2 protein chains.
Amino acid sequence: MSSSAAATQEKTAAASVWARIRLADRRDVPNIHRLIRQLAEFELLTHLFSATEASLSDTLFPSPSLPPFLSFTVLVLELSHSPFSEDGDAPLFAPIVRRIDLESAVEDPEAAEFASPRGEGIAVAGFVLCFPNYSGYLAKLGLYIEDIFVRAAWRRRGLGRMLLAAVAGQAAQMGMGRVDSCVLDWNVNAIKLYEDMGAEVVPMRRICRLTGPALQAYVL
Amino acid sequence: MSSSAAATQEKTAAASVWARIRLADRRDVPNIHRLIRQLAEFELLTHLFSATEASLSDTLFPSPSLPPFLSFTVLVLELSHSPFSEDGDAPLFAPIVRRIDLESAVEDPEAAEFASPRGEGIAVAGFVLCFPNYSGYLAKLGLYIEDIFVRAAWRRRGLGRMLLAAVAGQAAQMGMGRVDSCVLDWNVNAIKLYEDMGAEVVPMRRICRLTGPALQAYVL
């Protein structure tokens, strides 16, 4: 056991990092809140950002909780410079762990701000928020990715792809029919990622949205 | 009671019809299945239509059931030439009833095929299928309209608007942040309806979809 751990250590060069995707819980809300704010900054949509830690906690982690992927679900992406010890999430969602080999060490100036509640030396680097959708044509559930985000320091290293594959793998395993997401048309990196993963940009579909005072006008 | 009923009858000219929107249940599945097929024909997407009555029933009406609007929800639109007697849906969703004054009587060649399980002389004329979605920016639930449809004989009479207003009213009443839908960009009548209702076509957003064998490739 100790000799195989030593062998693992040897393969883990200075420029390696361990990535883990696990189910989020209430303890992750402060990090999720900061990540959503960064996403709003990235999308130039901070004027729409009104979430608070309390409102996220109430809506994403209600009690009693619903099974993951059958209601609103957040997966967080964590990074550590040493291998993760097991944690107890497996019954609901078995964490996905990969070693990422880096060409050079990554400077993460936000590592302390995004410290994980799951242990020393672990930083949260991204997240995905998804929930079930439904196709009447297929009579099948699917998963809709509402938000997917990797912090700036860690982009272009396959971590977004790892988050997306985690959702796609879950959908496929549950016998679902689709994974959908909605991208900004100027976000060519995101569109390229989806296309590389086998997704197509759906032609001819536009989103209509009723919100704010226009929606309030419909109170019965 | 009988005199007020007579007065109502008097106002109800030959060219009037009563419209009711109520929560669907398993007994409505055959009609919902036929309506979804007609929607696929209208959208020129019959090659995507693979729903069966059994698969719709299992996915839309699982047991135990979840509260309406917090999971997949179907409302059906029914028409009758005489006023509806009350039915017992009110605890979950109070049916919405309107008298529609028509300029001339409407010929509905499909009335028998779409007979409602809720009583003689009632035909199902349309439906809406919606489910909750979520905005991380708002930390609020919303409703997503997956399908909305009125049979050809009954279009252009405000019934689609009535279905949409039922969903918007419910979302507003539940304190939700948005009602979203996805329209085909050539369906100018649908886009005009949404805009008339106060919705905007969201700029710059495109849908990416992973489905079929490309999705199956992600089974873990």
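Note that the structure is a prediction, hence the values are computed from the model and not measured.

A word on the confidence of the model for chain A. Residues and elements named next belong to chain A. Here chain A shows a mean pLDDT of 91. Residues at 70 or above account for 92%. Scored below 50 in pLDDT, residues 1-12 makes six contacts in the model with residues more than four places away or belonging to other chains. Complex prediction metrics read pTM 0.90 and ipTM 0.89.

The transformation that overlays chain A on chain B combines an axial shift of 0.0 Å with a rotation of 180°, and the residual RMSD is 0.0 Å. What the superposition gives is, in effect, a two-fold axis relating one chain to the other. Considering only C-alpha atoms, the residue of chain A closest to the rotation axis is R206(A), which sits at 3.6 Å. Most of the interface of chain A is mirrored in chain B, where 100% of its interface residues again form contacts.

This brings us to the packing of helix α4 (residues 159-173) of chain B against helix α5 (residues 188-196) of chain B. All names here are of chain B. At their nearest, the axes of α4 and α5 sit 11 Å apart, and the two run at 50° to each other. It follows from the interaxial angle that α4 and α5 lie oblique. Handedness of the α4/α5 crossing: right-handed. Of the residues in α5, those in contact with G160, R161 and L164 of α4 are L193, Y194 and D196.

Take the interface of chain A and chain B next. Taken together, the contact pairs 67 residues of chain A with 67 residues of chain B. Both faces considered, chain A and chain B share a buried interface measuring about 6700 Å² in area, 59% of it formed by carbon and sulfur atoms. Of all residues in chain A, Y134(A), Y137(A) and R206(A) give up the largest surface area on contact with chain B, accounting jointly for 15% of the area buried on that side. Between the two partners, chain A and chain B, sit four salt bridges. One salt bridge in this structure joins R209(B) and D180(A), with 2.7 Å as the shortest N-O distance. Run the count over chain A and chain B and you get 34 residue pairs in polar contact (both at pLDDT 80 or more). Here the residues of the side of chain A that touches chain B are counted per class, giving 43 nonpolar, 14 polar and 10 charged. In this sheet, strand β8 (residues 205-211) of chain B lies alongside strand β6 (residues 178-184) of chain A in antiparallel orientation, the contact comprising seven bridges.

Per the stated rule, a full pass over the model turns up 24 salt bridges over all chains. Note that R151(A) and E110(A) form a salt bridge whose closest N and O atoms lie 2.9 Å from each other. In this pair, R151(A) sits in the loop between β5 (140-150) and α4 (159-173) while E110(A) sits in the loop between β3 (96-101) and β4 (122-135), placing the two residues 41 residues apart along the sequence. For E110(A), a relative accessible area of 23% translates into the label partly exposed. Note that D25(B) is salt-bridged to R27(B), the shortest N-O span being 2.9 Å. Each of R20(A), R22(A), D28(A) and E78(A) takes part in salt bridges that share partners, so that together they form one network.

This brings us to the side chain of Q170(B). Locating Q170(B) in the fold gives a position in helix α4. What Q170(B) contacts, discounting residues up to four positions off in sequence, is F69(B) and F93(B).

Under the criterion given, the structure shown has 10 aromatic pairs over all chains. An aromatic cluster of three or more residues is present, and its members are F72(A), F131(A), Y144(A) and Y134(B). One residue, R34(A), lies across the ring of F114(A), its end atom 5.6 Å from the ring centre.

Volume-wise, the second largest pocket comes out at about 550 Å³. L66(A), L70(A), S71(A), L66(B) and L70(B) are the residues nearest the centre of the second largest pocket, which is lined by 23 residues in total. When residues of the lining of the second largest pocket are traced back to their parent elements, those giving at least two are α3 (53-60) and β4 of chain A together with β4 (122-135) of chain B. Class assignment of the residues belonging to the lining of the second largest pocket gives a composition of 17 nonpolar, five polar and one charged.

Reading the values: the criteria
- Residues numbered from 1 in each chain as written.
- Chains lettered and ligands numbered in written order.
- Predicted model: local features only at pLDDT ≥ 70, side-chain atom pairs only at ≥ 80, totals over all residues.
- Heavy atoms only, no water.
- pLDDT = per-residue confidence, 0-100.
- Contact = heavy atoms within 4.5 Å.
- Least-squares fit on C-alpha atoms with pLDDT ≥ 70 in both.
- Axes fitted to C-alpha atoms, helices over the stretch in contact; angles between N-to-C directions.
- Helix = DSSP H or I, 4+ residues; strand = E, 2+ residues; numbered from the N terminus.
- Parallel < 35°, antiparallel > 145°, perpendicular 65-115°, else oblique.
- Left-handed = near helix turned anticlockwise from the far one by under 90°.
- Buried area = accessible area lost by both parts, 1.4 Å probe.
- Salt bridge = Lys/Arg side-chain N within 4 Å of Asp/Glu carboxyl O.
- Polar contact = N/O pair within 3.5 Å; in protein donor to acceptor, adjacent residues only side chain to side chain.
- Nonpolar A, V, L, I, M, F, W, Y, C, P; charged D, E, K, R; others polar.
- Pairing = 2+ DSSP bridges.
- Buried < 20%, exposed > 50% of the residue type's maximum accessible area, 1.4 Å probe, protein only.
- Phe/Tyr/Trp six-rings, centres within 6.5 Å; stacked < 30°, edge-to-face > 60°.
- Lys NZ or Arg CZ within 6 Å of the ring centre and 35° of its normal.
- 1 Å grid on protein atoms, 1.4 Å probe; cavity = no way out; pocket = protein on both sides within 12 Å on 5 of 7 lines; lining within 4 Å.
- Points joined across faces, edges and corners; volume = space filled by probe spheres on them.

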